[in-house]
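# A closer look at the structure
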Amino acid sequence: MNFFLSITPWPVLSALLWIVLVVAALYFARPTAHKLILAAGNSLHKMFRTASVSVAGAESGLANRNREVLLAAGREAKERIVEREFDRINETVRKDLSNYSALHRSLSESIGRIEQDHKDAVDVPPDPPGWVKAVEAVANIDSREGRVGIGNVLSDIHKSLVKAHKEAMVMYHEASGKRHELLRKMRPEWRQIQQTLGKVGKNVDSLLNRSVTIDRHMQEYEDMVKGEDRAVSILSSSSLVYFFVSALVLVVALGGATINFSLIARPMAEMVGGTTLIGGFKTADIAALVIIMVEISMGLFLMESLRITRLFPVIGALPDKTRIRMIWITFTMLFLLASVEAGLAYMREVLLHDELATSALLRGDGDVALSGDYMWITTAAQMGMGFILPFALTFVAIPLETFVHSLRTVIGLLAIGILRFLSLSLRLLGSGFRYLGVLCTQLYDLPLFIPLWWAARETENAASAKTSFSEI
Amino acid sequence: MKLFSALASCLLLASCGASQSNNSGVYMLVDTSGTYREEIQKAEQIIRYTLSRLDATDSFAVARIDTGSFSEKDIVAKMTFDDRPSMINRQKRLFAEQVQTFVDDSRSSQYTDITGGLLQAVEFLNEKKPAAKTVLIFSDLKEELEEGYIRDISIELDGFDVIALNVTKLRSDNVDPREYLTRLDEWQARVEKSGGSWRVVNDLDGLEGLL
């Protein structure tokens, strides 16, 4: 520093001299320095922009792939749903409408019987009364012939009339009774027809409802095949919901597995010893963990064999006979493992009692009888849990499948988000460098304001002189 | 198939190499000489506590200190616990029964051969090769040897924890406490010189940190 200030006897003069020299140097290097700064800024801008475009391209590719994966998964799910709906329709048709001919015959017979009864129940017009002819005969008697015997005749007619009326009434009542009897016999036939038709109607309604559902699913399926944004959006949000729900269920299952582990880890020491270690972990713990893992695997295979899940297409594609064999094998193994667990849970309780008794003895409490009346409850509960938990863990396959499938989408969405953020950051950084270059040139010019002002003035003078000269 | 073989080999190697010994060995010397015989109930209490703290593959032995203690005959009970929990409990109960019999039938001895007992303890524990070796000495630490017994010998106590329990004050200690303190200092110096660590626990209500 002293050197810089000692080039003349007066430090101020030295400083001023240095300032003039530096400003002059900066002024003369100005065009090159500006070019350099702007070139550096632009280069960085282009570099980051290229990187941003590249990342955006990767993001776009990933988004497309995610979209395809999502649509493929959605299509597969829809195919399964539609297939299941068709299975149900098939079942309905097979079960309820396969005996349609018998139903038709039953209906025809019922209708035939009703027709017959209806024919029989037709109201027969009563015979004309016998006294009509007698009245006609009386009317035809000539007055000349005298009407002496008319009173008797009329009396006879009255008698006949009363008799005929009585007979007619009896016959009418009999006929009405028969008709009513026939009509009463028709009632159960009507009811049967009504019931049969009701059943048919219900089946048809069910089929219609199913066809509406299938229509809806098919519409959604078509949207997916067309790759419409709406379908992708629905599938994406569904995937997120499935992901969180399945994760929650898996956490619950993990809790169950932990309880299961604690039930069998301690008594497992009886089988494999309590002190040997594998990789720093107790062999008994590893053995217990292996049992639980095998149970979960068996559960997965069972679910696959039952075609409830589709994690292993090989199992789903097996012939039915082999698949059913596999169901029985996996179920048997699961049953045996559950029985082993129940036994171990019992052993755990026995060990616990033994240990408590030993501790009591060592404490000097004497041989404490721990087998109270209620102790069987905890033993039974532990054994029950040991037996049930393996079967309960079987159902982990369902949320696991959903989790695995939705995980792909969720990871894809996360990766897209990260890439989008990265692309934006790179773009912003590129623009930042560009404007930083411009800012640097301005900052470079800041100490050169005197020569720049002078140069500008000179340029203006030169320009005005040139204008004056041209005017002259 | 190759991958499976490699995995199986790794697992086998891990299972072979990872088995670590973290067991402990405890040898307890119980002084039965003179009036100290009356303290034997406390010794039983410590033995029971020690039993409750020991686990699979640990070794435990209880021996009396009498006229000549460098002998297997003075071992009252000894046990190396199995690694199965049910067996361990059975062994502990058996051990407690043996100790109970000893407590009931023990008679006071005329002399106190602590050094002989310590030698026997070292021999026993070295033979068992536990990861941690502890010698509990339940005595007033006043050694009285019968004429002819030579105990002025060095003991290799490297890696041993020697804990003196219930070091009671004798009548003469009350008259001159320096005797008691000197006795303790001498034993500490002897043990530490031999490579072991030394500790005194007189409060039997606070046995939590014993092992």
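These lines cover the structure that appears in this document, whether it is placed above or below. (Residues numbered from 1 in each chain as written. Chains lettered and ligands numbered in written order. Predicted model: local features only at pLDDT ≥ 70, side-chain atom pairs only at ≥ 80, totals over all residues.)

## What to know about unusual backbone geometry
- Residue R307(A) is not a glycine yet carries a positive backbone phi of 60°.
- When you line up the elements, R307(A) lands in the loop between helix 8 (283-305) and helix 9 (313-316).
- For R307(A), a count of 12 C-beta atoms within 10 Å gives the class exposed.
- For N166(B), which is not a glycine, the phi torsion comes out positive at approximately 50°.
- Note on placement: N166(B) falls in the loop between strand 5 (160-165) and helix 5 (171-175). (Helix = DSSP H or I, 4+ residues; strand = E, 2+ residues; numbered from the N terminus. Buried ≥ 20, exposed ≤ 12 C-beta atoms within 10 Å, placed from the backbone.)

## Quick look at the interface of chain A and chain B
- Between chain A and chain B, the residue contacts involve 18 residues of the former and 18 residues of the latter.
- Counting residues per element, the ones that place at least two in the side of chain A that touches chain B are helix 7 (229-272), strand 1 (277-278) and helix 10 (320-363) of chain A.
- It is helix 10 of chain A that contributes the most residues to the side of chain A that touches chain B, seven residues altogether.
- Partitioning the side of chain A that touches chain B into residue classes produces six nonpolar, nine polar and three charged. (Contact = placed C-beta atoms within 7 Å. Nonpolar A, V, L, I, M, F, W, Y, C, P; charged D, E, K, R; others polar.)

## Considerations on the sheet that holds strand 2 (residues 59-65) of chain B
All names here are of chain B.
- Taken in spatial order, the six strands of this open sheet run 3-2-1-4-5-6, and their pairing is mixed. Of all strands in the sheet, those bounded by a partner on one side alone are strand 3 (75-80) and strand 6 (197-201). Adjacent strand axes in the sheet meet at a mean angle of 15°, parallel and antiparallel pairs treated alike.
- Where strand 4 (residues 132-138) meets strand 5, six bridges bridge the pair, whose relative direction is parallel. Opposite V135, over in strand 5, you have V162 as the bridge partner.
- Against the sheet, helix 3 (residues 85-105) contacts strand 2 and strand 3, and its axis sits at roughly 175° relative to strand 3.
- Here helix 4 (residues 114-128) sits on the sheet in contact with strand 1 (24-31), strand 2, strand 3, strand 4 and strand 5, set at roughly 160° to strand 1. (Pairing = 2+ DSSP bridges. Axes fitted to C-alpha atoms, helices over the stretch in contact; angles between N-to-C directions.)

## Describing helix 2 (residues 40-53) of chain B
- Spanning 14 residues, helix 2 of chain B covers 20 Å between terminal C-alpha atoms, matching the ideal 20 Å at 1.5 Å per step.
- Listing the buried residues of helix 2 of chain B in full gives I40(B), A43(B), E44(B), I46(B), I47(B), R48(B), T50(B) and L51(B).
- Lining the buried residues of helix 2 of chain B we find helix 10 of chain A together with strand 1, strand 2, helix 3, strand 4 and strand 5 of chain B. (Expected span 1.5 Å × (residues − 1).)

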